[in-house]
Amino acid sequence: MGLIHIVFGQSSVPVLGEAVAMDEKMSGDILCFEDDLSVGPLFILDTKEGRAGRKQFWQQLAGISPLPAPAEEEPAPVVAPAVEEDPEDADRFNTLKAQLKENPEQEVWIWAGQNARDVCGYYWLVSQLYDFAGRIHIIYLNNLPFLNEKGAVFYPTHLHQILPKEFLKAKKLARPISLAEYELDGDEWHRLMNENAGIRLLEGGKKIKGEPTLFYDKELQTQSGKEFVKAWRIVQQVTGKLKYPVMDQFLGWRLKELIREGKLESRGELKTIRDFEVKLPGESTDNAATMDNTENPTTL
């Protein structure tokens, strides 16, 4: 029976897939959980209402407006059968749980890099897998050295940064999650849900610190100037200063909110961060220079 390898985010799938193909002892399926739990609301996420609130958050980041509720006096319209959507993480988890119940020998390896997304995903999973203690293993690549393509040592924060052959060394770190970890880390997940911060940052080890949604707003404004600059450059300048990167989509959304609030000005379509430019409110230096030349024309 093959292993079930768990990762958080599609970017980790290709490299781990290559590594699994290199070693028969690692053979098995890769299960990817898509939601980045390091950002957005987590309150009562174990309920339908909580999951609906989180879905609405991602729609907000994507610029999708929720459908208006039909007026009470209007009859409900006849809706064609919906196209089947991709399964959500809750569905993937239920499938995993069914597999573990059906196959008592099934083992799971959870792969986590040193970043908030993977650690929050681990907390979410471990809080629900106590019944399968002894069969769930963790491989946490916390501050560990690996070799890059040039043979130089580096310390990756994400799985996708690691060469497939280097995963074969990392597999030796696989160990069963202890009963104490199920209790303590399960409690940590419930703390994160109740705290319901806007964004969660990794401070080191497995320590997660919650911050408000507008935590990076001041830095985004600081990196903006009097001239229009591509939004992706602003995001790049902010993430470049961080030890553990924050997803571009989140920072792009914050830029759009600052524009909506009048704290930044924009030029272009407010779609992805490559589609628009931003600057601080007020005239640019170029425009000011043009006005000065107009008001004070040079005479020959």
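Everything discussed here concerns the structure shown above.
Residues numbered from 1 in each chain as written. Predicted model: local features only at pLDDT ≥ 70, side-chain atom pairs only at ≥ 80, totals over all residues. Heavy atoms only, no water.

Trainee: Is there a simple way to think about the layout of surface pockets in this case?
Mentor: Space left empty within the atom packing is revealed by a probe, the size of a water molecule, rolled over the atoms. Taken as a whole, the second largest pocket encloses approximately 370 Å³ of empty space. Forming the boundary of the second largest pocket are 19 residues, of which Gln60, Leu61, Ala62, Gly63 and Lys256 lie nearest the centre. Listing elements by their share of the lining of the second largest pocket, those giving two or more residues are α2 (48-61) and α9 (248-260). A total of 7 residues in the lining of the second largest pocket trace back to one element, the largest contributor, which is α9. Along the lines of polarity and charge, the residues of the lining of the second largest pocket split into 7 nonpolar, 7 polar and 5 charged. (1 Å grid on protein atoms, 1.4 Å probe; cavity = no way out; pocket = protein on both sides within 12 Å on 5 of 7 lines; lining within 4 Å. Points joined across faces, edges and corners; volume = space filled by probe spheres on them. Helix = DSSP H or I, 4+ residues; strand = E, 2+ residues; numbered from the N terminus. Nonpolar A, V, L, I, M, F, W, Y, C, P; charged D, E, K, R; others polar.)

Trainee: Would you mind showing me how to read empty space enclosed by the protein here?
Mentor: Enumeration according to the criterion identifies 1 cavity of 30 Å³ or more in this entry. Taken as a whole, the largest cavity encloses approximately 30 Å³ of empty space. What lines the largest cavity is Ala112, Asp118, Val119, Tyr122, Ile138, Tyr140 and Lys206. Residue assignment for the lining of the largest cavity shows that the elements contributing at least two residues are α4 (116-126) and β4 (136-141). Sorting elements by how many residues they give to the lining of the largest cavity places α4 first, with 3 residues. Its residues assigned to classes, the lining of the largest cavity comprises 5 nonpolar, no polar and 2 charged.

Trainee: Looking at this structure, how should I read helix α3 (residues 89-102)?
Mentor: The α-helix advances 3.6 residues per turn, and as a result positions three or four apart in sequence lie on the same side. Taking 1.5 Å per residue as the helical rise, α3 with its 14 residues ought to reach 20 Å, and the 20 Å between its terminal C-alpha atoms agrees with that figure. Of the positions making up α3, those classed as buried are Asp89, Arg92, Phe93, Leu96 and Leu100. Projected down its long axis, α3 carries its buried residues within an arc of 100°, all on one side. Away from its buried face, by an angle of more than 90 degrees, α3 presents the exposed residues Lys101 and Glu102. The elements touched by buried residues of α3 are β1 (3-8), β2 (28-33), β3 (108-113), α4 and β4. (Expected span 1.5 Å × (residues − 1). Buried < 20%, exposed > 50% of the residue type's maximum accessible area, 1.4 Å probe, protein only. Arc of directions from axis to C-beta. Contact = heavy atoms within 4.5 Å.)

Trainee: What exactly am I supposed to notice about the packing of aromatic side chains here?
Mentor: What characterises a pair of aromatic rings is the spacing of the ring centres plus the angle enclosed by the ring planes. Scanning the model with the defined rule gives 11 aromatic pairs in all. Taken together, the ring pairs connect Phe8, Phe33, Phe93 and Trp124 into an aromatic cluster. In this structure, Arg254 is placed above the aromatic ring of Trp253, and the distance from its NZ or CZ to the ring centre is 4.9 Å. Looking at Lys279, its charged tip hangs above the ring of Phe228, at a distance of 5.5 Å from the centre. (Phe/Tyr/Trp six-rings, centres within 6.5 Å; stacked < 30°, edge-to-face > 60°. Lys NZ or Arg CZ within 6 Å of the ring centre and 35° of its normal.)

Trainee: Would you mind going over the pattern of salt bridges with me for this structure?
Mentor: Pairing between side chains of opposite charge can happen when the charged atoms of each approach one another. Summed over the entire model, instances satisfying the criterion amount to 19 salt bridges. For Arg191, the salt bridge is made with Glu195, and the minimal N-O distance between the two is 3.6 Å. You can see Arg191 and its partner Glu195 sitting in helix α6 (residues 179-195), 4 residues apart, about one turn around the helix. Given the relative accessible area of 36%, Glu195 is considered partly exposed. (Salt bridge = Lys/Arg side-chain N within 4 Å of Asp/Glu carboxyl O.)

Keep in mind these numbers describe shape, not what the thing actually does.
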